[in-house]
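# Residue-level structural notes
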Amino acid sequence: MTDHKLRWGIIGTGNIASRFASQVPTSPTNEVVAVGSRSLDSANAFADKWDIANRHGSYDDLLADEGVEAVYIATPHPMHVEWAIKAAEAGKHVLCEKPLAINRAWAEAMIEAAVRNDVFLMEAYMYRCLPQTKLITQLVRDGELGTVHQIQATFAFAAGYRPESRIFADDLAGGGILDVGGYPVSMARLIAGAATGQPFQDPAAVTAVGTVGETGVDEWTVATLFFDGGVTAQVSTGVRLGDKNQVRIYGSKGYLQVDDPWFGGDGKPTHVTLHKVGEEAREISAEPALIYTAEAEAVQAAIASGAKEAPEMTWADTLGNLTVQDQWRAAIGQQYASERDDAIIPTATGRPLTRRDDAPMTYGTVPGLDKQVSRLVMGVDNQQTLPHAAVVFDDFVERGGTTFDTAYIYGGGRGEKLLGQWMTSRGNRDDVVVIGKGAHTPHCDPESITRQLDESLERLQTDHVDLYLMHRDNEEIPVGEFVDVLDEHFKAGRIKAYGGSNWSLSRFDEANAYAEANSKQPFTLLSNHLSLARAYDVPWAGCRHVSDDESQAWLRERQVALFPWSSQARGFFTGRAKPEDTSDQELVRCFYSDENFRRLDRARELAAAKGVEPTAIALAWLLHQPYPVFPLIGPRHVSETRTSLPGLSVSLTDEEVAYLTAS
């Protein structure tokens, strides 16, 4: 044990910062040593009030203070992401007020910054650190209520209506769901987890009704959370209508009532009341604790143990909570202006987007294009909102990525719109490589290529795509008709290079023979499936793979640039594939075989030897092929991008490449 105290700096000087500063000095393991504000006068006034030695007239100055080990971020919600990331980059541990971010996407960026800089990060749901909360979950785990069936949780208050105040301001992410609605959501998820022996449980569905006011923020709303196993939760929140802020948990043996769930007495004696069939109501006392002291001590204990997360509020818990809050807001039609598809969206830190010095990306070239093509290509079809797209795309570029794969049909055109708005926000169209695709069945004809390309360029807010792929082939149309229209767009500058996706190799050769005979631009790229797990079928009608020996010989001879989709075999190497698990019928149909499970075992063997995941070995195998390969990846979250990249730096010998696919 050590008598060292964790040295805190506070970012922000509002009411909640004052409450933190007033309580932390009571802790034997924590002390507040600095405060930062946007003006030195404000910092001085705060520091004088709470006897804080170091005061800084900017947040940057506080982060530069070598005496600060951890920061408590108490700014308005939209500022959390910028200052949490900057704090992590400064090597400071971070406790950030709830909500961690205004949506899940920005929170993922904050967590990635903590991972990258090896610092602690926690969302400040202080009630989670209280003895009372731990008592509640223990009673549920011990079966005191029998089978838990329903949870009711409320946190609402009636604020005086002032449109300019933080509570009602769109640009400050006002409204009840983010301000206090996360409390009942997090409690419901905590109890649902306790009832099933888990740290928390995420709902399978969320429904809600509510009132969105004239300023665009939610003023009162109630939601129902449906959990697997039959548990439901009713959660409510509001900023223009108060309620009895209480938690009730109903089970087969009775119910538990918590009258002060969010503050737990705040240093005063507190209790919960257990009502059971055939018994007198029983008050069960919890040890009193100051809420911010308990929170600081939970952080200090985790950091002292070497952990980067605290069990009271893990990163997965935070992301699950924000997912529900996102769903809740969507269910009642609430969205901030900064989240809309037409927003000029800033980077998480407010700084210009640049590649990081430690970015591992490698590059190749495609004939006809004078840009570096990143060896990994970001699929633009898994992003749900502009903030989601911005976080994933920004992270990819920071890691050295340059190339984005879009298609006319992805999300009904939404993928192209999100990429276009992101490029407009970043001003980086000339720095990235855009792959466009059109002419998907049943609109696979020359006329559709032109019509769809025009619409795609409008969505993308650009006058050209760098690489163009026909999404399918239509062998009833002479191949020369396709070459003619593609060559026309090439000559007009709307396409820099082109090829086919899910084309047979014989038709690809036929197209290039026609191009050569008629002085047209040839096909120079192909996008068929290839992965270390050999494909025995394809997931969608009209798709093609190049897993067979004849196709591999063709690629080696032609040296055509291959952009393989499903390069990770739909998660075959992530641990999802097990011979006894046949729940994913598509995975089974396409990839289950004795041969592929041997390849999986060998990938695991090499992964263990090289200190990486099997997915990295599968990716490295693709990148070590004797022809140019640019695998398409489809991460839904930045953490998935992070775990994909190690394959770029894995070195395989020719013998290891052969070993992975040997009979």
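These lines cover the structure that appears in this document, whether it is placed above or below. None of these values were measured; they are calculated from a predicted model. (Residues numbered from 1 in each chain as written. Predicted model: local features only at pLDDT ≥ 70, side-chain atom pairs only at ≥ 80, totals over all residues. Heavy atoms only, no water.)

## Details of the overall build of the chain
What the chain contains, in helices and strands, is 21 helices and 24 strands. In summary, the chain has a C-alpha radius of gyration of 28 Å against a globular reference of 26 Å for 663 residues, a match within 12%. Considering only C-alpha atoms, the chain reaches an extent of 90 × 60 × 50 Å along its principal axes. Per-residue burial for the chain yields a buried fraction of 57% across its 663 residues. Across the chain, every contact between residues at least 6 apart in sequence was considered, and the portion connecting residues at least 24 apart equals 71%. Just so you have it, the chain exposes about 26,100 Å², and 49% of that area is on carbon and sulfur atoms. With 61 positive and 91 negative side-chain charges, the chain shows a separation of 1 Å between the mean positions of the two kinds. (Helix = DSSP H or I, 4+ residues; strand = E, 2+ residues; numbered from the N terminus. Rg over C-alpha atoms; globule rule 2.2 N^0.38 Å. Buried < 20%, exposed > 50% of the residue type's maximum accessible area, 1.4 Å probe, protein only. Contact = heavy atoms within 4.5 Å. Areas by Shrake-Rupley, 256 points an atom, 1.4 Å probe, with all protein chains shown as cover. Lys, Arg positive; Asp, Glu negative; His and termini not counted. Charge placed at Lys NZ, Arg CZ, Asp CG, Glu CD.)

## Observations concerning the sheet that holds strand β2 (residues 30-36)
Ordered by their spatial adjacency, six strands build an open sheet running β3-β2-β1-β4-β5-β6, and the pairing between neighbours is parallel. At either end of the open sheet lies a strand with only one pairing partner, and these are β3 (54-56) and β6 (121-124). Adjacent strand axes in the sheet meet at a mean angle of 25 degrees, parallel and antiparallel pairs treated alike. Note: strand β1 (residues 6-11) against strand β4 (residues 70-73), four bridges, orientation parallel. Counted as the bridge partner of Gly9 is Val71 from β4. This element, helix α8 (residues 291-304), spans β1, β2, β4, β5 (93-97) and β6 of the sheet and lies at about 125 degrees to β1. (Pairing = 2+ DSSP bridges. Axes fitted to C-alpha atoms, helices over the stretch in contact; angles between N-to-C directions.)

## Things to note about the packing of aromatic side chains
Scanning all chains against the criterion turns up 29 aromatic pairs. Consider the rings of Phe393 and Phe404, whose centres lie 5.2 Å apart with planes at 75 degrees: the pair is edge-to-face. In this pair, Phe393 is assigned in helix α10 (residues 386-398) and Phe404 in strand β18 (residues 403-405), connecting sequence segments eleven residues apart. Neither residue differs from the other here; Phe393 and Phe404 are each classed as buried. Between Phe508 and Phe523, the ring centres sit 5.4 Å apart and the planes meet at 85 degrees, which makes this aromatic pair edge-to-face. (Phe/Tyr/Trp six-rings, centres within 6.5 Å; stacked < 30°, edge-to-face > 60°.)

## Brief notes about the pairing of strand β7 (residues 148-156)
Here β7 pairs with strand β11 (residues 247-251) via five bridges, running antiparallel. By the bridge assignment, Ala153 is partnered in β11 with Val247. Both β7 and strand β10 (residues 232-238) contribute to a ladder of seven bridges, which runs parallel. Bridging across to β10, Ile151 finds its partner in Ala233.

## Remarks on the packing of helix α7 (residues 176-195) against helix α9 (residues 315-331)
Between α7 and α9, the shortest axis-to-axis distance is 9 Å and the interhelical angle comes to 120 degrees. By the angle class used here, α7 and α9 are oblique. Remark: the crossing between α7 and α9 carries right-handed chirality. Packed against α7, whose contacting residues are Ile177, Leu178, Gly181, Gly182, Val185, Ser186 and Arg189, the element α9 presents Ala316, Asp317, Gly320, Asn321, Val324, Gln325, Trp328 and Arg329 at the interface. Grouping the amino acids of the contact of α7 with α9 by side-chain chemistry returns six nonpolar, six polar and three charged. (Parallel < 35°, antiparallel > 145°, perpendicular 65-115°, else oblique. Left-handed = near helix turned anticlockwise from the far one by under 90°. Nonpolar A, V, L, I, M, F, W, Y, C, P; charged D, E, K, R; others polar.)

## Regarding the nonpolar core
Core analysis: the biggest nonpolar cluster contains 127 residues, and Phe404, Leu526 and Phe572 have the highest contact counts within it. Apart from residues lying up to four places away in sequence, Phe572 is in contact with Ala533, Ala577, Leu587, Phe591, Tyr592, Asn596, Phe597 and Leu600. In this structure, Tyr127, Met187, Ala188 and Ile249 belong to the second largest nonpolar core, which totals 75 residues. (Core = buried A, V, L, I, M, F, W, Y, C linked by side-chain atoms within 4.5 Å.)

## What about the sheet that holds β11?
In space, the eight strands of this open sheet follow the order β8-β9-β10-β7-β11-β12-β13-β14, with mixed pairing throughout. Each having just a single partner strand, β8 (205-212) and β14 (282-286) make up the two edges of the open sheet. Across the sheet, the mean angle separating the axes of adjacent strands is 15 degrees when strand polarity is ignored.

## Topic: the environment of Pro614
Mapped onto the elements of the fold, Pro614 is located in helix α19 (residues 614-623). Assessed through its relative accessible area of 14%, Pro614 is described here as buried. The sequence separation of Pro614 and Asp601 amounts to 13 residues, and the corresponding C-alpha distance is 9.0 Å. When neighbours within four sequence positions are excluded, Pro614 is seen to be in contact with Phe573, Ala603, Arg604 and Ala607.

## Overview of the pattern of salt bridges
Counted under the stated rule, the structure contains 45 salt bridges. Between Arg642 and Glu112 there is a salt bridge, with the nearest N and O atoms lying 2.6 Å from each other. Here Glu112 lies in helix α5 (residues 104-117) and Arg642 lies in helix α20 (residues 638-644), a separation of 530 residues in the sequence. Assessed through its relative accessible area of 29%, Arg642 is described here as partly exposed. Judged by relative accessible area, Glu112 falls into the buried class, the value being 4%. As a salt-bridge pair, Arg589 and Asp537 come within 3.0 Å of each other at their nearest N and O atoms. (Salt bridge = Lys/Arg side-chain N within 4 Å of Asp/Glu carboxyl O.)

## As for the environment of Leu623
On the secondary structure map, Leu623 appears in helix α19. As for Leu623 and Ala298, which are separated by 325 residues in sequence, their C-alpha atoms are 45 Å apart. Those residues in contact with Leu623 that lie beyond four places of it in its chain are Arg375, Val629, Pro631, Gly647 and Leu648.

## Some words on unusual backbone geometry
Negative phi characterises most residues that are not glycine, and trans characterises most peptide bonds. Put simply, Lys98 and Pro99 share a cis peptide bond, and its omega is -10 degrees. Going from Thr441 to Pro442, the amide bond is cis rather than trans, its omega being 10 degrees. Structurally, Pro442 can be placed in the loop between β19 (433-438) and α12 (446-460). A positive phi is found at Asp266, a non-glycine position, where the angle reads about 45 degrees. Residues other than glycine seldom take positive phi values, yet Ala569 does so here, at roughly 55 degrees.

## A few points about helix α2 (residues 40-50)
Residues of α2 that are buried: Ala43, Phe46 and Ala47. One side of α2 carries all its buried residues, which in axial view fall inside an arc of 95 degrees. Along α2, exposed side chains directed more than 90 degrees from the buried face belong to Asp41, Asp48 and Lys49. Where the residues of α2 are buried, they touch β1, α1 (15-23), β2 and β3. (Arc of directions from axis to C-beta.)

## Focus: the side chain of Ser504
Mapped onto the secondary structure, Ser504 falls in the loop between β21 (495-501) and α14 (505-517). Of the residues examined, Ser504 reaches a relative accessible area of 10% and is grouped as buried. Reaching out from Ser504, the side chain makes a polar contact with the backbone nitrogen of Arg507 at a distance of 3.2 Å. Ignoring sequence-local partners within four residues, the contact set of Ser504 consists of Glu475 and Arg544. (Polar contact = N/O pair within 3.5 Å; in protein donor to acceptor, adjacent residues only side chain to side chain.)

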